[in-house]
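Coordinate analysis (summary)
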Amino acid sequence: MRYACALFSVALLLGARAEADSIQPTYRAIDLGVLPGQAYSLALGIDDWGDAIGSSYSDRANLSDMSHATLFTRGTAVDLGIPTGDNFSNGYGINDAGTGIGIVGYLASLDPVPLVGIFAGGKIGLLTAPDGGTAFGQAINQPGQAAGFSYGGTIVHALRWDQGTPVDLGTLPSGSYSYGYAINNLGVVAGNSDVGNGVSHAARFDHGTVTDLDSSGVSESSGAEGINDAGLVVGQVQGATYHAFVYQAGAMTDLTPPGAGYSDAAAINNQNQIVGQAYYPASGLTRAVLWDNGRIVLLDPLPGYDYSVATAINDRGWIAGFSGVSTAGMRATLWVPENRFSLPTKPRM
């Protein structure tokens, strides 16, 4: 794929900070733990208090095998529960009010039929698709709007839930399906939509307008995974190689670090810091990556683990994800910038 500009110009595209930090922070990996009775865990979302959300599970080959949505807060893993009649739950996103979003369901095969789960105040609420059917919940913003997509049947469309009411976000003009994976605080959703011929493009769903973010003109797929309040979108291009990208002002820019053969951008915060992962074929290593306004930082896994993946970043620059061993599953991990580290004071409810 042809990108708008080379890697060395990413700092200019994103708009580097006017005043660079006098001391560049290093990042410390913290083990977020696992629920009692479970063997593995991963974190997929984080709020500005530093609380992360994800899952604890027992079967490393199948995340939804009796997994429990988990809140990782101040050194403790808290079970967010499973509704009566179901046998698994997974957490994907969380806002500063402590409201989490994910899925709940009953796993009778390797293809579960889920409902969107809203985890708040020790209770689980359920959201559905516009037709009352099943759906995946992927992200939640500070006002409480959620994003995801319908599931099953003949129509799969990106959705936004406004005060619990599902809104079908449609598709690109030539598309028949779409997915929503991220939402900013203005209610704009990022995801992807097909454009025919088996190709899907990264897309932005902005209150009735669906915009194709992939202007390459090449028959390859792309998908958006994160969006911030300024409208910058990040994700991955899936062509001959898989490359992370950032989209701004009508152009996609390749974020692949030097020496990496594969990369993915999973999230972006309101300081334009981006996180994801990269694979280095020369060493065989996969590392969580932070793109920090022109600076590339590789985040080491927890001691004893082989690889690391970053999935979310908050506006304080704290990063959530997981460390893993290919033969022994994953462990939820938090990376904190040591030179900026200070525990926020969270009001107790």
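Presented here is a report on the structure given in the accompanying data block. (Residues numbered from 1 in each chain as written. Predicted model: local features only at pLDDT ≥ 70, side-chain atom pairs only at ≥ 80, totals over all residues. Heavy atoms only, no water.)

For the protein, the count of helices and strands is one helix and 28 strands. Contacts spanning at least 24 positions in sequence make up 42% of the contacts within the protein whose residues lie at least 6 apart. If you sum the accessible surface of the protein, you get close to 14600 Å²; carbon and sulfur atoms cover 53% of it. (Helix = DSSP H or I, 4+ residues; strand = E, 2+ residues; numbered from the N terminus. Contact = heavy atoms within 4.5 Å. Areas by Shrake-Rupley, 256 points an atom, 1.4 Å probe, with all protein chains shown as cover.)

In total, this model carries seven aromatic pairs according to the counting rule given. Here the aromatic rings of Tyr-40 and Tyr-57 are separated by 5.5 Å at their centres, their planes lie at 45°, and the arrangement is tilted. Residue Tyr-40 is found in strand E2 (residues 40-46), and its partner Tyr-57 is found in strand E3 (residues 52-57); the two are separated by 17 residues along the sequence. For the pair Tyr-40 and Tyr-57, one class covers both residues: buried. For the ring pair Phe-149 and Tyr-179, a centre distance of 4.8 Å and an interplane angle of 70° mean the geometry is edge-to-face. (Phe/Tyr/Trp six-rings, centres within 6.5 Å; stacked < 30°, edge-to-face > 60°. Buried < 20%, exposed > 50% of the residue type's maximum accessible area, 1.4 Å probe, protein only.)

Among the nonpolar cores identified, the biggest contains 13 residues, and Val-234, Val-246, Leu-255, Ala-265, Ile-274 and Trp-291 are the most heavily contacted of them. Elements that contribute at least two residues to this core include exactly strand E20 (242-248), strand E22 (262-268), strand E23 (273-280) and strand E24 (285-292). If you look at the next biggest cluster of nonpolar residues, it comprises twelve residues, including Ala-182, Ala-224, Ile-227 and Val-233. (Core = buried A, V, L, I, M, F, W, Y, C linked by side-chain atoms within 4.5 Å.)

This part takes up the pattern of salt bridges. Side-chain pairing between opposite charges can occur once the charged atoms of the two side chains come close. Under the defined criterion, the tally for this structure stands at five salt bridges. Across the salt bridge formed by Asp-31 and Arg-331, the nearest N and O atoms sit 2.9 Å from each other. Here Arg-331 lies in strand E28 (residues 329-337) and Asp-31 lies in strand E1 (residues 27-31), a separation of 300 residues in the sequence. Among the residues examined, Asp-31 registers a relative accessible area of 38% and is labelled partly exposed. Notably, a salt bridge pairs Arg-295 with Asp-292, separated by 3.3 Å at the nearest N-O pair. (Salt bridge = Lys/Arg side-chain N within 4 Å of Asp/Glu carboxyl O.)

One open sheet accounts for four strands, arranged E14-E15-E16-E17; its pairing is antiparallel. In the strand order of this sheet, the two ends are held by strand E14 (178-183) and strand E17 (209-212), each with one partner. Strand-to-strand twist in this sheet, taken as the mean axis angle between neighbours without regard to direction, amounts to 30°. The sheet contact formed by strand E16 (residues 200-206) and E17 spans four bridges and is antiparallel. Bridging across to E17, Ala-203 finds its partner in Asp-212. (Pairing = 2+ DSSP bridges. Axes fitted to C-alpha atoms, helices over the stretch in contact; angles between N-to-C directions.)

Glancing now at the pairing of strand E19 (residues 233-238). Judged by how many residues are buried, E19 sits mostly within the fold: five of six residues are covered. The antiparallel hairpin formed by strand E18 (residues 221-227) and E19 contains five residues in its connecting segment, where Gly-231 sits at a positive phi of about 90°. As paired strands, E19 and E20 are joined by six bridges and run antiparallel to one another. If you follow Val-234 over to E20, its bridge partner there is Val-246. Two successive antiparallel strands, E19 and E20, enclose a turn made up of three residues.

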